[in-house]
Every structure is written in C-alpha cells, then in structure tokens.
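Residue-level structure breakdown
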Amino acid sequence: MTTPRAILSATTPRPFASAGFASALAFAGAVAAFLWFLGSSNPFTPAGYVGYLTKGAILGKSRFYGVQRGPTSAGRTWLLDVTNVSITPYTYSEDFTGNDAVLSRDNLKIAFRVHTVWRVDEARVPLFMERYSTTASRREVEKDPDTIVKTAYGNFVREPLRTFARDEVQRRNGLEVKDALIPIGDAVLDRIRRYAGDSPFILNSVVVGNIQYPSEVSDAVSRKLAATQELQRKDTEIEIERKERTKREVQAQGIANAMEIIRGQLSPMYVQHEAIEAQKAQVGSPNHTVVYIPVGPMGVPLTGTFSATAR
C-alpha cells in the first residue's frame with residue numbers, strides 16, 4: 001500500500017527540471033534573435049534616389065515591399081533589401097562617326113553627336129524596375145552606380161533615339177545640316193517623347209552638334225570662304241579708292257573756285273597797294289635789306305607781265 005508521502009513525492013515536479021526548461025527556452029530565444037539580426041537589415045536610400053524595396057524569403061517567394069524616397073531608411077526588417085534608382089537628370093551622348101556616319105539626302109557622309117538629357121519619373125520607379133531594368137547586386141552598384149539606368153537606357157531609349165536622329169539628318173542636304181541643328185534636335189526630341197509617352201522615362205532635351213564633313217568638303221568650303229573674303233577685301237579697296245577720288249575732285253574744285261575768286265579781286269591798284277605796304281614793312285625791319293624792283297615813272301612798283309627782252 002502506497003503511503004501519502006510516496007504519492008506526494010511522485011506527483012510533485014522536481015525543481016531542477018523546471019529550471020532546465022527555462023534555460024532551453026531562453027537559449028532558443030537568443031538564437032532566434034541572433035538569426036533575425038543576421039537576416040534583417042535597415043536599407044538606406046540617399047538624397048536624389050528612390051529606393052525599390054524587396055522582401056526575400058527563405059522558403060517562400062520574394063516580393064515587392066514598397067518604395068522610399070531618400071534620404072531615408074525603412075527600419076530594420078527581416079530579409080529586406082533595396083535597389084536605389086537615381087531620379088536626377090542624366091546626360092548621355094550618342095556618336096555617329098566612322099562606320100556610323102549618316103548619308104544626307106545628297107549622299108554626303110556626315111559625322112555628328114547627339115546629347116540627350118533625361119531622368120526617371122519618381123512616381124513610376126516600380127514600373128521602371130519591373131519592365132525596363134533589372135535589380136543589381138551590391139557589388140555591381142559599387143562598381144558602377146549607373147548600372148541600373150544604363151541597362152534601362154540601353155533597353156528602351158538608345159536605339160529608337162539613334163534611329164530618329166539618323167532619319168532627321170537623312171532628310172536634309174549635307175550643307176544644310178549645319179544650319180538646321182536646332183530644328184533637328186527639336187524634331188528628335190518630339191519623336192522620342194511621343195515614343196516614351198507611357199514609360200517612366202522623362203526626356204528633357206536633345207541637342208545635335210559636333211558636325212563633321214569629309215575633309216574634301218571641308219577644304220572646299222574653306223577655299224570658297226577664303227575667296228569670298230578676298231573678293232570682299234577687293235570691293236572694300238575699290239570703294240576706298242572711289243571715295244579718295246571723290247575727295248580729290250572736291251578739293252580740286254574748291255581750289256579752282258578759290259583761285260577764281262582771288263583772280264577776280266586782284267586788280268592792278270590792289271597789287272600796287274600791297275607792294276607799297278611790303279616796302280613800308282621792310283623799312284621798319286631791324287635787318288638791312290636792299291630790294292631792287294622795277295618802278296614806273298611815278299616811283300611806284302610796276303605790276304603786270306613784262307617781256308624779259310624788252311628795253
């Protein structure tokens with residue numbers, strides 16, 4: 001027969017068993033916290049970027065978690081990762097040189113460059129990542145921060161833009177292209193905007209420049225320009241000579257008119273008066289001067305034209 005003391009001792013839990021269970025539970029909690037800390041992250045998005053957040057899973061599927069505009073972070077979350085997409089403007093250049101040079105309407109080979117300024121619409125970053133680009137690893141982003149946008153530009157914008165630029169140049173004669181750079185750029189911009197109307201790409205401007213013609217054409221244009229400048233110089237010299245001739249004619253006419261006036265006023269009596277005044281001035285001069293002049297019967301100077309052989 002079992003005594004009450006034996007029954008009590010059989011049903012009462014032992015103190016050391018309860019303490020062991022609590023220790024195991026605490027250890028499991030510490031391991032779980034450690035694993036959560038290792039698997040969680042607080043992804044940061046800097047200023048000028050929009051973060052595309054994805055949440056991974058160990059057994060299930062990864063999924064889109066949300067977006068955040070920098071500078072900010074999402075808070076520490078289990079298996080959370082971010083791909084930061086710049087929403088600041090980019091400037092990309094497309095070269096049409098060498099084998100990529102374009103034939104104009106009159107079959108003149110032209111090399112040029114197209115500069116495009118564009119950016120990603122911050123309200124359409126999820127669409128941008130899901131349909132036009134791909135996520136990149138942290139190592140790829142550290143190596144080239146523009147990996148994501150370069151991929152999207154190459155997938156969607158680059159080839160249509162080059163096609164539009166070639167087409168606009170081919171519609172014009174070769175020597176007309178250099179005078180139509182702004183209209184060409186505006187036409188390319190209008191076409192690429194219509195093409196990218198429903199996409200997350202915002203095209204700000206397209207500029208066409210760096211026009212280069214074949215050396216034969218450039219030399220011919222240079223020679224023509226030099227000849228034109230030489231003709232202009234000759235025309236200027238001829239015009240200067242014409243003006244100088246007119247000036248001399250006006251001066252001669254002025255002198256002739258003055259002489260005519262003087263001849264009309266130089267009467268014999270006036271000349272005799274001037275001669276007498278000159279003799280009076282010589283008499284009062286401190287220098288001793290002897291002047292021999294022909295005189296008439298009355299002792300005054302004679303004026304007129306005389307024969308050198310007459311007595």
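Here is a short report on the structure shown in this document. Given the structure is predicted, the values throughout are model-derived calculations rather than measurements.

What counts and what doesn't
- Residues numbered from 1 in each chain as written.
- Predicted model: local features only at pLDDT ≥ 70, side-chain atom pairs only at ≥ 80, totals over all residues.
- Heavy atoms only, no water.
- Helix = DSSP H or I, 4+ residues; strand = E, 2+ residues; numbered from the N terminus.
- Buried < 20%, exposed > 50% of the residue type's maximum accessible area, 1.4 Å probe, protein only.
- Contact = heavy atoms within 4.5 Å.
- Areas by Shrake-Rupley, 256 points an atom, 1.4 Å probe, with all protein chains shown as cover.
- Phe/Tyr/Trp six-rings, centres within 6.5 Å; stacked < 30°, edge-to-face > 60°.
- Lys NZ or Arg CZ within 6 Å of the ring centre and 35° of its normal.
- Polar contact = N/O pair within 3.5 Å; in protein donor to acceptor, adjacent residues only side chain to side chain.
- Pairing = 2+ DSSP bridges.
- Axes fitted to C-alpha atoms, helices over the stretch in contact; angles between N-to-C directions.
- Parallel < 35°, antiparallel > 145°, perpendicular 65-115°, else oblique.
- Left-handed = near helix turned anticlockwise from the far one by under 90°.
- Nonpolar A, V, L, I, M, F, W, Y, C, P; charged D, E, K, R; others polar.

So, the overall build of the protein chain
Helix and strand counts for the protein chain stand at nine helices and eleven strands. The 311 residues of the protein chain split such that 23% are buried. The contacts of the protein chain with a sequence gap of at least 6 include a subset with a gap of at least 24, amounting to 67%. With an accessible surface of roughly 21,800 Å², the protein chain has 57% of that area assigned to carbon and sulfur atoms.

Concerning the packing of aromatic side chains
Summed over the entire model, instances satisfying the criterion amount to 14 aromatic pairs. Measuring from ring centre to ring centre gives 5.8 Å for Phe 128 and Phe 201, while their planes differ by 65°; the resulting arrangement is edge-to-face. Within this pair, whereas Phe 128 is found in helix 3 (residues 125-132), its partner Phe 201 is found in strand 11 (residues 201-212), the two being separated by 73 residues in sequence. An identical accessibility class is assigned to Phe 128 and Phe 201; each is buried. With 6.4 Å between their ring centres and 75° between their planes, Phe 164 and Tyr 195 make a pair best called edge-to-face. Of this pair, Phe 164 sits in helix 5 (residues 147-170) while Tyr 195 sits in helix 7 (residues 181-195), and the two are 31 residues apart along the sequence. The class for Phe 164 is buried, based on a relative accessible area of 14%. For Tyr 195, a relative accessible area of 38% gives the class partly exposed. Through successive ring pairs, a cluster of aromatic residues spans Tyr 90, Tyr 92, Trp 118, Phe 128, Tyr 132, Tyr 153, Phe 156, Phe 164, Tyr 195 and Phe 201. Note that Arg 162 overlies the ring of Phe 96, its terminal NZ or CZ placed 4.3 Å from the centroid.

Observations concerning the side chain of Thr 77
Along the chain, the position of Thr 77 falls in strand 6 (residues 77-78). At a separation of 3.0 Å, a polar atom in the side chain of Thr 77 contacts the main-chain carbonyl oxygen of Gly 75.

Here's the deal with the pairing of strand 3 (residues 49-55)
Strand direction decides the pairing type here: strand 3 and strand 7 (residues 80-86), joined by seven bridges, are antiparallel. Bridging across to strand 7, Leu 53 finds its partner in Val 82. The pairing of strand 3 with strand 4 (residues 63-69) spans six bridges and is antiparallel. Each residue of the ladder has a partner; that of Gly 51, found in strand 4, is Gln 68.

Brief notes about the packing of helix 3 against helix 5
Relative to each other, helix 3 and helix 5 sit at 65°, their axes nearing to 10 Å. The pairing of helix 3 with helix 5 is recorded here as roughly perpendicular in orientation. For the pair helix 3 and helix 5, the sense of crossing is left-handed. In this structure, helix 3 contributes Phe 128, Met 129 and Tyr 132 to the contact, and helix 5 contributes Ile 148, Val 149, Thr 151, Ala 152, Asn 155 and Phe 156. Across the contact of helix 3 with helix 5, the residue classes tally to seven nonpolar, two polar and no charged.

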